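Residues per chain, in single letters:
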Amino acid sequence: MIELIRNVTNFAALAFLFLAGSVQAATISEGSSYKDSSTLIDLNPADFVGSGRCGYGDSVINDGCSVTMKSNPYSRDAYGRYDPWGGTWIDSQDLSDVIWTVEPGRAFQILTFALTDAFDQPVSELLGESFFTLSVDDAEWTIDAREANGTLHWITVAFDKPTTSANVHFSTRLNDGWGIKAAMVTVAPVPLPAAGWLGLAGLAGLVALGRRKRS
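Residues numbered from 1 in each chain as written. Predicted model: local features only at pLDDT ≥ 70, side-chain atom pairs only at ≥ 80, totals over all residues. Heavy atoms only, no water.

This next bit is on the overall build of the protein. A tally of regular secondary structure across the protein gives 2 helices and 12 strands. Secondary structure elements of the protein occur, N-terminal to C-terminal, as α-β-β-β-β-β-β-β-β-β-β-β-β-α. The proportion of buried residues among the 215 residues of the protein is 40%. In the protein, of all internal contacts separated by at least 6 residues, the share reaching a separation of at least 24 is 82%. (Helix = DSSP H or I, 4+ residues; strand = E, 2+ residues; numbered from the N terminus. Buried < 20%, exposed > 50% of the residue type's maximum accessible area, 1.4 Å probe, protein only. Contact = heavy atoms within 4.5 Å.)

Following the sequence through the fold, A46 ends up in the loop between β2 (38-40) and β3 (48-51). Note: C-alpha distance between A46 and V67 (21 residues apart in sequence) is 8.4 Å.

Taken over all residues, the pLDDT of the protein has a mean of 84, while the share at 70 or more is 75%. Counting contacts from residues 4-20, a segment whose pLDDT is below 50, to residues more than four positions away or on other chains yields 23 contacts. A low-confidence stretch, residues 203-209 (pLDDT under 50), is modelled with 5 contacts involving residues beyond four sequence positions or located in other chains. (pLDDT = per-residue confidence, 0-100.)

A word on the sheet that holds strand β9 (residues 139-143). Taken together, 5 strands build an open sheet; the order of strands is β3-β6-β11-β8-β9 and the sheet is antiparallel. Each of the sheet's edge strands pairs with one partner strand only, and the pair in question is β3 and β9. Between one strand axis and the next, the sheet turns by 15° as a mean value, whatever way the strands run. Where strand β8 (residues 132-136) lies against strand β11 (residues 166-172), 5 bridges are found, and the strand directions are antiparallel. Counted as the bridge partner of V136 is V168 from β11. (Pairing = 2+ DSSP bridges. Axes fitted to C-alpha atoms, helices over the stretch in contact; angles between N-to-C directions.)

When the charged atoms of two side chains lie near each other, side chains of opposite charge can form a pair. Tallied over the entire structure, the rule returns 7 salt bridges. With a shortest N-O distance of 3.1 Å, R81 and D91 are connected by a salt bridge. Placement of R81 in the loop between β4 (68-70) and β5 (89-91) and of D91 in strand β5 is noted, with a sequence separation of 10 residues between them. Take R81 and D91: they sit in the same class, and that class is buried. A salt bridge links D83 to K181; the shortest N-O distance between them is 3.5 Å. (Salt bridge = Lys/Arg side-chain N within 4 Å of Asp/Glu carboxyl O.)

Okay, structure coming up:
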C-alpha cells in the first residue's frame, strides 16, 4: 500500500515536470506590487546579457557594456532609477537591448517586477526618437509615449502553465536607460492528477477499513 502511494506521488511529480518543461505562452500587463503567494527572487547582473552598442549616457559607470547593480537613488548616475522598496536595483547602463534569464530554482506561473525610468529621454538629433518594448515569448508590452523621469511600472508576466525559466527582453533606444527591482514569482503548486486523487482517497478508505477490522 505504501508503495502504491509512492507511485501515485511520483506520477504527479513527473506530470508536473512535463508541464513545466513544455513550451508556454505568456501575457504581460501592469499589475500589483504584491501577491499573496509571491516569493522574492534575487537579481544578479550575471543573469542579464546586453547586446548592440554599449551605453555612454551620463548614467553609465564603468564601460557601459553590461548591466550593473546600483544602490543610491540620489547619486548623479541614478538618473531617476531606484528600488521602490529602498534597496539596490539592476541598472541597464543605457544599453539598447538586454535579455534577462529568469531561473529562480522553482517552477512558477507569474513573474512580477518593478520597472523604473523607461522611455523618458527626448528626441536626439543623433539617435532619433526613443521607445520601450518589453517582450516574453510572443507577448509584448510597450510604453507608447515619453514619460516623466523616474516613472514606476509594476509589470506582471503570466504564463499559461508552470515554467522553470523565462527570457525577458528589454528593448529601447540607446542611452535611454531603465532599472528593475522587487522581482517576485508566484510558485506553481505540484499538480496531482484526478486519478491520483481518487487513488489516494481509495487508499485512505482501505486503511480506515483495516483499522476497524483490527479493532
